[in-house]
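Structural description and commentary
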Amino acid sequence: MSLGALIKEEKRATSSQVHMPNDIDWQMLDKPRFFFLGAALFSGVSTALYPILVLKTRQQVSPTYVSCANISLSIARLEGLRGFYKGFGTSLLGSIPARALYMTALEITKSSVGQATVRLGFSDTTSTAVANGAAGLTSAVAAQIVWTPIDVVSQRLMVQGDVSLTSCRYSNGFDGFRKILYSDGPRGFYRGFGLSILTYAPSNAVWWASYSLAQRSIWCKLKRQDGSGGSVVVQALSAVTASGCSALITMPVDTIKTRLQVLDAEENGRKRAMTVMQTVKSLVREGGFKACYRGLGPRWVSMSMSSTTMITTYEFLKRLAVKKQ
């Protein structure tokens, strides 16, 4: 046997010793249980992480840089604990159908694309990365159809505690929907929809593709005989790695999108929605390209914490929802 053949055989023998946890396919799930338990579990996750989203949003729309510590102290002093949960009811109400759409699109795409890439002869690693990336892309687009109107209202509620950021006042989410509909019409709920797609679709695709590659790489380094011992730790490390890649790549678009959804321009004494160019010029004027990365810290922390919690919860959820054999 040649040296090259020996090396290939050795690599194959080594890789065969590494067994990743078996993935649960869409067809294996009990759908009613999957969606019911998913709504309950992810509502709990959203409750825990919501204050970080409030900090990120206020940092992004602030005309000058303000640290998270100062924003937190200001909210605690002026608004109390409720200030960290402004818009939470609206966000939670919208997240249930958005999550259902997201999970459905994610699992169906992952399953169908994964099978197609295997038939085309892709390697196991490439097939997994492509399937996860495609699933992240389609699930983000599907979820944004429901999520963008919720995002517009909840973000406005988040920032209205600071009088310097917005002049319009909403007593609750329903009041926000009514006033936005009256002032801007139905289009007002889809402010920044294109940018939301440009933010979340690539971000989600990068996250899921990075996650699958990071997970496979960590498992290979651990060379475990089974996937039980450190699966949660591997999922957490992979999620943090994927969040870092995704946050750095898409942060500028997320900042522009948030400002577009929250802030108004004033022309001839009348307020009107800002354009993308006006938003970009405003950001550059305030702090140059660095201003596009305001809120990167909270976003990275939020993405890392939410994705780590999400992926471990999601994998746990899938195992709870497997059909009884």
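Residues numbered from 1 in each chain as written. Predicted model: local features only at pLDDT ≥ 70, side-chain atom pairs only at ≥ 80, totals over all residues. Heavy atoms only, no water.

A word on the overall build of the chain. When its secondary structure is counted, the chain shows 10 helices and 2 strands. Each helix and strand of the chain, placed in order from N terminus to C terminus, yields the pattern α-α-α-α-α-α-α-α-β-β-α-α. Split into buried and exposed, the 325 residues of the chain put 46% on the buried side. Across the chain, every contact between residues at least 6 apart in sequence was considered, and the portion connecting residues at least 24 apart equals 80%. Taken as a whole, the chain presents about 16400 Å² of accessible surface, with 65% of it coming from carbon and sulfur. (Helix = DSSP H or I, 4+ residues; strand = E, 2+ residues; numbered from the N terminus. Buried < 20%, exposed > 50% of the residue type's maximum accessible area, 1.4 Å probe, protein only. Contact = heavy atoms within 4.5 Å. Areas by Shrake-Rupley, 256 points an atom, 1.4 Å probe, with all protein chains shown as cover.)

As for its placement among the helices and strands, Ala-131 is situated in helix H5 (residues 124-159). The buried category is assigned to Ala-131, whose relative accessible area is 3%. Taking C-alpha positions, Ala-131 is 5.0 Å from Gly-114, a pair spaced 17 residues apart along the chain. Not counting the four nearest positions on each side in its chain, Ala-131 is found in contact with Lys-110, Val-113 and Gly-114.

A separate point is helix H9 (residues 276-287). Residues that lie three or four places apart on an α-helix share one face, since the helix turns once every 3.6 residues. The end-to-end C-alpha distance of H9 is 17 Å, a good match for the 16 Å that 12 residues give at a rise of 1.5 Å each. Buried residues of H9: Thr-279, Ser-282 and Leu-283, and no others. For H9, the arc enclosing every buried residue in end-on projection is 95°, short of the 170-degree limit, so these residues lie on one face. Counted as exposed and oriented over 90 degrees from the buried face of H9: Met-277, Lys-281 and Arg-285. (Expected span 1.5 Å × (residues − 1). Arc of directions from axis to C-beta.)

Attention now moves to H5. Along its 36 residues, H5 runs just 46 Å from first to last C-alpha, ending more than 12% under the 52 Å computed at 1.5 Å per residue. A maximum bend of about 50° is found in H5 at Ile-145, where proline Pro-149 lies one to four positions downstream. (Bend = angle between axes of the 7 residues up to and from the residue.)

Under the defined criterion, the tally for this structure stands at 12 aromatic pairs. Consider the rings of Tyr-50 and Phe-88, whose centres lie 5.2 Å apart with planes at 70°: the pair is edge-to-face. One end of the pair, Tyr-50, is in helix H2 (residues 31-61); the other, Phe-88, is in helix H4 (residues 88-119), and 38 residues separate them in sequence. Ring pairing ties together the aromatic residues Phe-34, Phe-35, Phe-42 and Tyr-314, which thus form one cluster. Over the face of the ring belonging to Phe-42 we find Arg-99, whose NZ or CZ atom lies 4.7 Å from the ring centre. (Phe/Tyr/Trp six-rings, centres within 6.5 Å; stacked < 30°, edge-to-face > 60°. Lys NZ or Arg CZ within 6 Å of the ring centre and 35° of its normal.)

Attention shifts here to the nonpolar core. In globular proteins that are soluble, nonpolar side chains generally tend to be buried together. Ranked by internal contacts, the top residues of the largest apolar core, which has 25 residues, are Phe-34, Met-103, Trp-207, Trp-208 and Tyr-314. Broken down by secondary-structure element, the contributors of at least two residues to this core are H2, H4, H5, helix H7 (193-222), helix H8 (231-262) and helix H10 (296-320). The element best represented in this core is H10, accounting for 6 residues. Not counting residues within four places of it along the chain, the set of residues in contact with Tyr-314 comprises Phe-34, Phe-42, Met-103, Leu-106 and Glu-107. Of all hydrophobic cores here, the second largest spans 20 residues; its members include Val-61, Val-262, Leu-283 and Ala-291. (Core = buried A, V, L, I, M, F, W, Y, C linked by side-chain atoms within 4.5 Å.)

Here we take up the packing of H4 against H10. Axis separation between H4 and H10 bottoms out at 14 Å; the angle between their running directions is 75°. Relative to H10, H4 is oriented roughly perpendicular. Facing Arg-99, Met-103, Leu-106, Glu-107 and Lys-110 of H4, the residues of H10 in contact are Met-310, Tyr-314, Leu-317 and Lys-318. Tallied by class, residues from the contact of H4 with H10 come to 5 nonpolar, no polar and 4 charged. (Axes fitted to C-alpha atoms, helices over the stretch in contact; angles between N-to-C directions. Parallel < 35°, antiparallel > 145°, perpendicular 65-115°, else oblique. Nonpolar A, V, L, I, M, F, W, Y, C, P; charged D, E, K, R; others polar.)

On to the UniProt feature "transmembrane region" (unreviewed entry) in the chain, then. The residues that UniProt annotates with the feature "transmembrane region" (unreviewed entry) are residues 34-55. The span residues 34-55 is 100% helical and 0% strand by assignment, and the distance between its end C-alpha atoms comes to 32 Å. (UniProt positions renumbered as here; feature names shortened; annotations may be inferred.)

This part is about the confidence of the model for the chain. Model confidence for the chain is summarised by a mean pLDDT of 81, while 87% of its residues fall at 70 or above. Predicted confidence in the chain is weakest over helix H1 (residues 3-16), with a mean pLDDT of 40, and strongest over helix H3 (residues 68-78), with 90. This stretch, residues 1-18, has a pLDDT under 50; its non-local contacts, to residues over four places away or in other chains, come to 8 contacts. Below a pLDDT of 50 lies the segment residues 225-229, which in the model reaches 7 contacts outside its immediate sequence neighbourhood of four places, other chains included. (pLDDT = per-residue confidence, 0-100.)

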